[in-house]
Structure formats: structure tokens, C-alpha cells
Amino acid sequence: MASAGYEALEGGNLKGGALISKEMRHGHGRTAHNMSSSSLRKKSDLTLVSKVPWGLLRSLLANLQEIFLGTKLFVLFPAVPLAVAAHYFHFGRAWVFALSLLGLTPLAERVSFLTEQIAYYTGPTVGGLLNATCGNATELIIAIFALFGGKIEVVKCSLVGSILSNLLLVLGSSLFCGGIANLRKEQLFDRKQADVNSGLLMLGALCHMLPLMFRYAVSSGEQTAATVSTLDLSRACSIVMLLAYIAYLFFQLKTHRQLFESQEQEDDDNDDVTSEDEAVIGLPSALAWLLGMTIVIAILSEYVVGTIEDASESWGISVSFISIILLPIVGNAAEHAGAIIFAFKNKLDITLGVSLGSATQVSMFVVPFSVIMAWIMGIQMDLDFKLLETVSLIIAILVTAFTLQDGTSHYLKGIVLLLCYIVIGACFFVLKTPPNQTNGINSGVLTTKSGVVVA
Amino acid sequence: MASAGYEALEGGNLKGGALISKEMRHGHGRTAHNMSSSSLRKKSDLTLVSKVPWGLLRSLLANLQEIFLGTKLFVLFPAVPLAVAAHYFHFGRAWVFALSLLGLTPLAERVSFLTEQIAYYTGPTVGGLLNATCGNATELIIAIFALFGGKIEVVKCSLVGSILSNLLLVLGSSLFCGGIANLRKEQLFDRKQADVNSGLLMLGALCHMLPLMFRYAVSSGEQTAATVSTLDLSRACSIVMLLAYIAYLFFQLKTHRQLFESQEEDDDNDDVTSEDEAVIGLPSALAWLLGMTIVIAILSEYVVGTIEDASESWGISVSFISIILLPIVGNAAEHAGAIIFAFKNKLDITLGVSLGSATQVSMFVVPFSVIMAWIMGIQMDLDFKLLETVSLIIAILVTAFTLQDGTSHYLKGIVLLLCYIVIGACFFVLKTPPNQTNGINSGVLTTKSGVVVA
């Protein structure tokens, strides 16, 4: 219990005493992330199932019920077969897109649930790793399918959008709701966790900024370099980002666990949260379901990626708006709801863990992983997100970092973050992509323009 | 003792009691900067010398030993004559460059030592001024020689590189090593000092940002201005920066000394020889300082003169050499000191070294170079290029955010180090074509006509 010893030495921390018991109680590597998504779950009522004769069938039904009805988002499950049907019966492609998006929402939550179930069988470190890696599985799968389809712009936009949505929308609405609900109470959080995340996000911002500036410097003639250099630089940056992510995981799961432990109060107000301290389904069944879910997510992701341009055309909304704003809202819906629920309960540490942790994960793991994947697949994807996206990202990171500086919160902070998100959304809404410009493979070749010497 | 009164009023600071005695004990204007480089020194063993007869010769030898063997970096001294020899016997010019760089390392540390010795004779204020000014003497001399050679790009790159290296490499590796060595301990520092430095660095960032944006605004046709305006703006900014530096010195040496006092414990200074009296006389120290400066000047000239040849023969771009390699050498002594103090969990000294040095380069060496160039009739402006400026600004922001909460752990060090690696990678992939001379940047944009490859 080395980290508990560290905590005790630290002294300044008020919750040092209760820590050892907490750590012993759930050593499954649970992070704030899955604490949050569990808030959407409900205890499934097994009375109906238990009346069924034949043991095998009964356990099968119980399993099914646990999987499908264990979330409050289960009302959205019918969208999954509808999307498939819409695809095969050639409905409007915008319908396929909308239904697939709807169908992805409960699936994202269920994957997080299954990962957590598997973590009960693997022990804390592997479990923590699994949770950390699969926390943004939907984003990752969508990114990979968009890569396969050669839609690099969609990959980039959806990843930037995911970071923006976590930092501004999820955090903003949580702080706003939490601020309104706890207007007369003090709303405190531990800023050390926030600092770790802002540091990593700043590193990510630097890694996006440099390739962009590199391109600008070269195209303005200030520097000269081979056009392939941006790609080399992006790949080097991606490796550095993955190294930083590994260090972050080591820090989070090994040496400084106490910073990231979700401080759940024992049992007073956990009426919504079913604190599952034992696994509800077996390991083989969980693995099988995880595989199945992943395949369904993959199919829906393919629909989403394949129909995004048609949806953009028929709705008259630009592709970048759809990928930056709409896709991430769907992918983050479960975390979003969880973050708000915990903010209502004035447990801002969990809220921050969800939103900042998710943003850090996308920035430090999903983005560089996509670049490396593209490298392996021979696709020239670089880290040069465009000017508007990069600037929005950097300002969002700065605003969030400044907002979380003093360890307290009030509703105005939430409003400021939300309004930042609305401004960025408006910026991409007015951006119309001309219909003839295909989002093809960005071959890393610089588009240049002939300039005049302005002396 | 006005500063002690301020400290007592402030209340939140735990070490207010021990402060007055400390201030009385060494009033030589020692800052964290020379506390740190002193960690590389060793007490020279004078027994051998004391056996020599004839008093004059003995004191001369003792003096020599104090100068040359008083640092752990003395093994690098042979590089100095080798560099001169390599220059005269026309070895490969890349060799001259490498040997000069190696030779500059111990000289940089010795200049800091001699400045400190002189400070013992001058009293706290002048001594503090001397220490503050000569702390980055090597950077300053290299910058002046590069200016004389008309290599403005090298000046700009080496100065940006020096700030980046102090903020990210020195601080990052110190926080990392300190975090690993003190994994189970709390690592605290006084964030007031860090805040002062971040504020000044942000002012510096603004002064670099404005001329760059000015040039972009004019070249995109958004604003119209004469080309000479960037230069005027840069010179005005430089004067403002020097004013800020004077205010910073006044703040640091006069009104808020206690923020910058290095909190040395007296017990565990096994490595650090806490020299409370001068070991060499004032005339001899002045003479040595002059001599050292001349040697540094010669080596700097070699470095500046051979940098393009080294770049060509090693296949590394000039910007990488001036942004990454030159500053690593110039900061080697401070770097080692900062890490040693981080190991001992004395982060205040580490921060004083790295941030103080970065502030000094940004607020003194950079504007001083611009003013020097103005006097020499060279048109040097503050418009470092896009990549350099962006790297600088993000480095300052990252460092400022890292030091916000007054505690440290190894992940902060890793993040800073990785930022440095990313910036290094960015300049590494940047190849300067051989025909592009690093001539005087006259503020005119070079453009090229490209083809749209969609």
C-alpha cells in the first residue's frame, strides 16, 4: 500500500485517513470515468426471469437482461436494427446516418460496462489499463473506419471535436448544472488532478501547433523544408505523445493513484448509482458480448462514416460541423450524463475526472494511435489539423486550464465554457464546404499560393 | 530590514523567522543562480602547493589551482587549447566547432565563479547586479560575436534556444529527477518566485509576438505600414524590456529579496563548498575575468564562424544547432546544478536557476543584442520567425501552468521534457538549403510561387 503511505506523508490532504479502506474495498482499477457511466445504470429486476423453468435458459435470459436493460439508454437500442434495416432497404442515407448515430449512444455505454465487468476478473492494473484504453472505444473505432475509408478530415475533425466537447460542453454543462444546484454550497475540487490533465493537454496542443506552423512557415517562404517533413514531424510527435500517455498511465495507476481515486461518499446518496462491487456476468460471456458489441459498433461506424457526406448534403450542414459537433456529442453522451449527475451531487472530482480524463485520453492516445495506424496502413495522416480547429483547441485548453486554477467552481465558469463551445460551434456552422471538394487523402503535399512581395 | 518586515507581515510564509539571520550571514547578493553553479565546485586541495618555496610562486600556484581545478568540469579545459590548435592547423572546421563548444562549457562556469568572487569585494547590491548580469555571459558574448559576423539568424536562434532549454530541458529534467528521487516525499516550492518570472516571460513573449504579427498583418494586406516600422517597434519593445529588467532587478535585489533568497540548509552541504570568504584577491579575480572573457570571445568567434561548416558536414540544419546544441553547452553548468538541487528536494533553487536564467536571457540578453545591433547599424528586430515564436510562447505557457500549484511530481518533468523533444524534432526536420545565407533579415518577405496540389 505504497501510495497510501505517500498519502499519509503528504499530510495536507484531508481525506488521507479514509483512503486505505477505500483502496482495499475496490481495487479493480476503477477510475472516475467508469464511476460516471455507472450512474446511468439501473439494477435490473430479475424477478420475471427467475420464473422461467430450465436453468440454462434462465441464466441466458438473465444475461441478456443484464446486458440490454442494464442501462437507462436502452430505449435507444431499437435504433441499431433500424439503422441496419434502413441501410439494406435503401432508405434515405441521411436516415441511415441519424439512426446509426442514435444506435451508437447506448452501445458506447455498454462497452464501458463490459470493460468494467472484465476488469473485475483481471486485477487492478490490467483492469485500469483496460478501462483507460476502452473508455473512448467508440471514438477509436469511428476513427479507424474513417481512416480505412480514407476520410482523414473526418478523423481529424471528430477527434478535435471530441476533445472540445469534453473540455467545453461536458465540463461546462456539468459546472453550470452543479453551480445552479449547489448555489449556496461551496463547490471544491482537487486541482492536482486537473493540473496533470492540463499539462498533458498543453503538450498535445504543442504537437498540433508545430506541424501547422511548420506548414505556414514553409509556405510563406520563411523556412524551407521538404514537403514530407510535416509527416515525419507528426509521426515523431505521435510517438512522443504515446510515451507521454504511457507515463500518464503509470502515474495514474501506479505511483500517484490517490490523486485519481474517485472520492465516492460511502452510501448516503447512492440511490441512483448501483455500486456494483461484484461482477454480474461471467468472464467468457462478457468477452463474447464485448466482441459482439464491438462488431456492431464497427458496422454502425461504417454506416456513419459512409453516409456523412450525404447527411451533410441533405441537411445542408457542413461535414466539419457534423464531425466536430454532432459526432462527439453522440460518442460522449453517456459520460456527459454521468458528469452532470455527479456535478448535481457536488462531486466535482468525479466530473473533472470524466471530462478531463476523457479529453486527455483522446488527445494523448486516440489521436497519436490514429496517426500510427495510418502510418502502418500507408496513409499519410499528419497532426496538422487545420487553422480553425487548432486555434479552437488551444483556446479551449487555455480557457479550461484557467477555469480550473483555483480549485473552486460556480455556475458562471460553466456558462463561460458553454458559451465558448457555442461560439466554436457557430464558427464551424457558418463554414460551408463546397460540394466539389472531396475529403480525400491528404497526401501531405502543401497547397501553396503564389504570393507577391509586399515590401 | 524592510524586506524582513514585509515577510513578517505576509504571515503565510513558514520560513520568516530564520530569514533575518540568513540575510545577515551572507549579504553578497548571492542568487539561486550562483548557488547552483557552486554545486559543481570542489574545495581544491592546497597541500601540494603549500610545499613550494618562495611565497610569490606559491601564491601564484595556489591561485592557478583555484582557478583551473576548482570545478568538476576541469576535464574539459584541454578542449580550449585543442580548439585553438585545430583552428591554426586547419583541421576540419566541424572539429573546431565541436572543440570550441566543449571548451566553452567549463569557461562559462568559471566566469560565474569569478563574478561571485568579485561580488565579495563590492557589497550586496553591486554584487547582485554583477551576478545577475554575468550569469549568462557566455550567451551574451556569443550573441555579440554573431552580431559582428552579421549572422542575425544565429543570434536569434541561440537566444530562443537558450530560453527554451532553460524552461523545458533544465527545468524538465530537474523536476523529473527530483520527482523520481523524492517519490514518497512532498515536493514543494514557493510559487511567488515562479509567478514573477512567468509574468516577465509573458511580457517577453508579447514583445516577440507583436513584430511577427505586425509583419504577417502587413504582408497579408490587412494593415499598411512602412517596412521600417517593424524595426522601430522592435527597438521600442527592447527598451521596454530593459526597463522591465531594471524593475525586476530592483524588485529582486532591493524590495522583495526574501522571495529570491536561496533556502540553503547548512547541514547537508557535502558537495557544496559554501564559500563564505573570497578565495582569490580582487585584482587577480579581475585579471582572470578579463582573460577568461577574451578566451570565451575567441572560442565564440570560432563557434560562430564554423557553425555553417559544422551544419554541412554533420547534415544538421543551422537552426537545430543554434536552437538545441548551442544552449545545451551554454547552460551545462546551471543544468547540472539545477538537477543536483532537485535531487535534494530544494526546488526553490532549481526554479531560481532555470526560470531566472530564462528571464535574464529574455529580458536582458535579447533586448541588449537588439540595442547593440542598433548602435552597430545592423537591422536586427525582435521578429523571431513563426516556428520559434510559437514554440517559445507555448513553452512559456506550459511552464507557467506547470508551476501553478506550488508542488511538483515527476510527470510534470516528463511533460516539459517531451515538449522539448517535440520542439527539437520540429527543428531537426527543418533543413536549411545550403544556398540560403543567414544574412541580414531586412524585413522583406521572401515568397515563392507554388502549385496547387490537391
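Residues numbered from 1 in each chain as written. Chains lettered and ligands numbered in written order. Predicted model: local features only at pLDDT ≥ 70, side-chain atom pairs only at ≥ 80, totals over all residues. Heavy atoms only, no water.

Chemist: Looking at this structure, how should I read the overall build of chain B?
Modeler: In terms of regular secondary structure, chain B is built from 19 helices and 0 strands. For chain B, the proportion of its 454 residues judged to be buried stands at 59%. Taking the contacts inside chain B whose residues are at least 6 apart along the sequence as the reference set, 85% of them involve residues at least 24 apart. Here chain B has roughly 17600 Å² of accessible surface; of this, 70% comes from carbon and sulfur atoms. (Helix = DSSP H or I, 4+ residues; strand = E, 2+ residues; numbered from the N terminus. Buried < 20%, exposed > 50% of the residue type's maximum accessible area, 1.4 Å probe, protein only. Contact = heavy atoms within 4.5 Å. Areas by Shrake-Rupley, 256 points an atom, 1.4 Å probe, with all protein chains shown as cover.)

Chemist: I keep staring at the overall build of chain A and nothing clicks. Help me out?
Modeler: Within chain A, the secondary structure is distributed over 19 helices and 0 strands. Counting the 455 residues in chain A, one finds 60% classified as buried. Of the roughly 17700 Å² of accessible surface on chain A, 70% is carried by carbon and sulfur atoms.

Chemist: Whenever I open this one, the pattern of salt bridges confuses me. Can you help?
Modeler: Pairing between side chains becomes possible if they bear opposite charge and their charged atoms approach one another. Residue and element names in this part refer to chain A. Under the defined criterion, the tally for this structure stands at 12 salt bridges over all chains. A salt bridge links Arg215 to Asp384; the nearest nitrogen and oxygen atoms lie 2.4 Å apart. Taken together, the residues span a long stretch of sequence, with Arg215 in helix α11 (residues 191-219) and Asp384 in the loop between α17 (348-376) and α18 (387-403) at a distance of 169 residues. (Salt bridge = Lys/Arg side-chain N within 4 Å of Asp/Glu carboxyl O.)

Chemist: Looking at this structure, I do not really get the UniProt feature "domain: Sodium/calcium exchanger membrane region" (unreviewed entry) in chain B. What am I missing?
Modeler: Feature annotation in UniProt assigns "domain: Sodium/calcium exchanger membrane region" (unreviewed entry) to the following positions: residues 94-253 and 285-423 of chain B. From the first C-alpha to the last, residues 285-423 of chain B spans 40 Å; its make-up is 83% helix and 0% strand. (UniProt positions renumbered as here; feature names shortened; annotations may be inferred.)

Chemist: Can you walk me through the packing of aromatic side chains in this structure?
Modeler: Two numbers describe a pair of aromatic rings. These are the distance of the centres and the angle of the planes. Tallied over the entire structure, the rule returns 14 aromatic pairs over all chains. Judged by centre distance (6.5 Å) and plane angle (55 degrees), the rings of Phe145 of chain A and Phe148 of chain A are tilted. Of this pair, Phe145 of chain A and Phe148 of chain A both sit in helix α9 (residues 137-148), separated by 3 residues, roughly a single helical turn. The exposed category is assigned to Phe148 of chain A, whose relative accessible area is 57%. Relative to Phe148 of chain B, the ring of Phe145 of chain B has its centre 6.4 Å away and its plane inclined at 55 degrees; by these criteria the two rings are tilted. With Phe145 of chain B and Phe148 of chain B both in helix α9 (residues 137-148), this residue pair falls 3 residues apart, about one helical turn. For Phe148 of chain B, a relative accessible area of 57% translates into the label exposed. Chaining the aromatic ring pairs together yields one cluster made of Tyr245, Tyr248, Phe365 and Phe369 of chain A. Note that Lys345 of chain A overlies the ring of Phe342 of chain A, its terminal NZ or CZ placed 5.6 Å from the centroid. Over the face of the ring belonging to Phe341 of chain B we find Lys344 of chain B, whose NZ or CZ atom lies 5.6 Å from the ring centre. (Phe/Tyr/Trp six-rings, centres within 6.5 Å; stacked < 30°, edge-to-face > 60°. Lys NZ or Arg CZ within 6 Å of the ring centre and 35° of its normal.)

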